[in-house]
Amino acid sequence: MVESKAPVGYVEVLVECPFCGGYVPDDFECLKCGSEIMEETDYEQMMFVCSICREDVGDGADECEYCGAELE
Ligand SMILES: [Zn+2]
Ligand SMILES: [Zn+2]
């Protein structure tokens, strides 16, 4: 029996930076423009991406349709 080599990743939440409009991890500081992102910020857009290929997979996906990774 051949073992499946599907990589294991997770669903990563990205938020739209209100300053530069880029999608970045929900962090204190925007990776792209360096602006401080407040925890209370109401994000207008959120994106759920595969941590491996970073394609948009949607909230709660358990498998990435792009790279075939199992998402935990
Ligand atoms: Zn930014
Ligand atoms: Zn993927």
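Being a predicted model, the structure only gives us computed values, none of them experimental.

## With respect to the sheet that holds strand β2 (residues 11-16)
Strand order in the open sheet formed by 3 strands is β3-β2-β4, with antiparallel pairing between adjacent strands. Edge positions in the sheet fall to β3 (23-25) and β4 (46-50), since each has one partner strand and no second. Averaged over all pairs of adjacent strands, the angle between strand axes in this sheet comes to 45°, irrespective of strand direction. In this sheet, β4 lies alongside β2 in antiparallel orientation, the contact comprising 5 bridges. Considered in β4, the bridge of L14 is made with M47.

## Things to note about the nonpolar core
Ranked by size, the top nonpolar core spans 6 residues in total: V49, C50, V57, C64, A69 and L71. Not counting residues up to four positions away in its chain, the partners in contact with V49 are E12, L14, R54, E55, D56 and V57.

Parameters and conventions
- Residues numbered from 1 in each chain as written.
- Chains lettered and ligands numbered in written order.
- Predicted model: local features only at pLDDT ≥ 70, side-chain atom pairs only at ≥ 80, totals over all residues.
- Pairing = 2+ DSSP bridges.
- Helix = DSSP H or I, 4+ residues; strand = E, 2+ residues; numbered from the N terminus.
- Axes fitted to C-alpha atoms, helices over the stretch in contact; angles between N-to-C directions.
- Core = buried A, V, L, I, M, F, W, Y, C linked by C-beta atoms within 7 Å.
- Buried ≥ 20, exposed ≤ 12 C-beta atoms within 10 Å, placed from the backbone.
- Contact = placed C-beta atoms within 7 Å.

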